[in-house]
Amino acid sequence: MGKNELECDCNIIHEDHIENVKKTMMNEESLLLIADFYKALSDSTRIKIINILQENELCVCDIAVLLNMTKSAVSHQLRYLREMNIVKNKKIGKEVFYSLADEHVKQILSISSKHLGECHNED
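A few points on the structure. (Residues numbered from 1 in each chain as written. Predicted model: local features only at pLDDT ≥ 70, side-chain atom pairs only at ≥ 80, totals over all residues. Heavy atoms only, no water.)

1. Examining helix 6 (residues 103-115)
For helix 6, built from 13 residues, the straight-helix expectation of 18 Å at 1.5 Å per residue is met to within 8% by its first-to-last C-alpha distance of 18 Å. Three or more residues of helix 6 are buried, namely Val105, Leu109 and Ser113. Across the axial projection of helix 6, the buried residues extend over an arc of 75°, all falling on one side. In this structure, helix 6 carries His104, Ile111, Lys114 and His115 as exposed residues pointing more than 90 degrees from its buried face. Tucked into the core, helix 6 has its buried residues touching helix 3 (44-52) and strand 3 (95-100). N-capping of helix 6 is provided by Asp102, with a side-chain oxygen placed 2.9 Å from the backbone N of His104. Looking one or two residues past helix 6, Gly117 carries a phi angle of roughly 75°, positive in sign. (Helix = DSSP H or I, 4+ residues; strand = E, 2+ residues; numbered from the N terminus. Expected span 1.5 Å × (residues − 1). Buried < 20%, exposed > 50% of the residue type's maximum accessible area, 1.4 Å probe, protein only. Arc of directions from axis to C-beta. Contact = heavy atoms within 4.5 Å. Polar contact = N/O pair within 3.5 Å; in protein donor to acceptor, adjacent residues only side chain to side chain.)

2. Considerations on the pairing of strand 3
Relative to strand 3, strand 1 (residues 58-59) runs antiparallel, the two being bridged by two bridges. By the bridge assignment for strand 3, Cys59 is matched with Phe97. Here strand 2 (residues 87-92) pairs with strand 3 via six bridges, running antiparallel. Its bridge partner lying in strand 3, Ile92 is registered against Glu95. Taken together, strand 2 and the strand that follows it, strand 3, pair antiparallel across an intervening segment of two residues, in which Gly93 is found at a positive phi of about 65°. (Pairing = 2+ DSSP bridges.)

3. Considerations on the packing of helix 4 (residues 60-67) against helix 5 (residues 71-83)
Following both chains from N to C, one finds helix 4 and helix 5 inclined at 110°, their axes separated by 9 Å at the closest point. Judged by the inter-axis angle, helix 4 sits roughly perpendicular to helix 5. Only Lys71, Val74, Ser75 and Leu78 of helix 5 make contact with helix 4, whose side of the interface consists of Val60, Cys61, Ile63 and Ala64. Along the lines of polarity and charge, the residues of the contact of helix 4 with helix 5 split into six nonpolar, one polar and one charged. (Axes fitted to C-alpha atoms, helices over the stretch in contact; angles between N-to-C directions. Parallel < 35°, antiparallel > 145°, perpendicular 65-115°, else oblique. Nonpolar A, V, L, I, M, F, W, Y, C, P; charged D, E, K, R; others polar.)

Here is the structure:
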């Protein structure tokens, strides 16, 4: 560590603090699931898809036009998002329409945007 960085230079174990934290710690499986969820959000194309599905249910063709991408590339991203339970789909005739899996996904994007000090409606 550099001279200006803070470091703990004590050998005292705060057992009461450790016990309190242990009571609220998530289990390893839950932590891994959360990490996987955030990996799904780590791609800008997938974030764009989530953003455009916030208010509208759209088919692959619509999403491809909005993102200026091929249907194949969009389908690949949608499949990944569906596997992570971030989006859901429904088939009407030959068309498949996608929407966010639930309100939580919309809230996560909104909270992220607020945290970063950006409005999700800005161009």
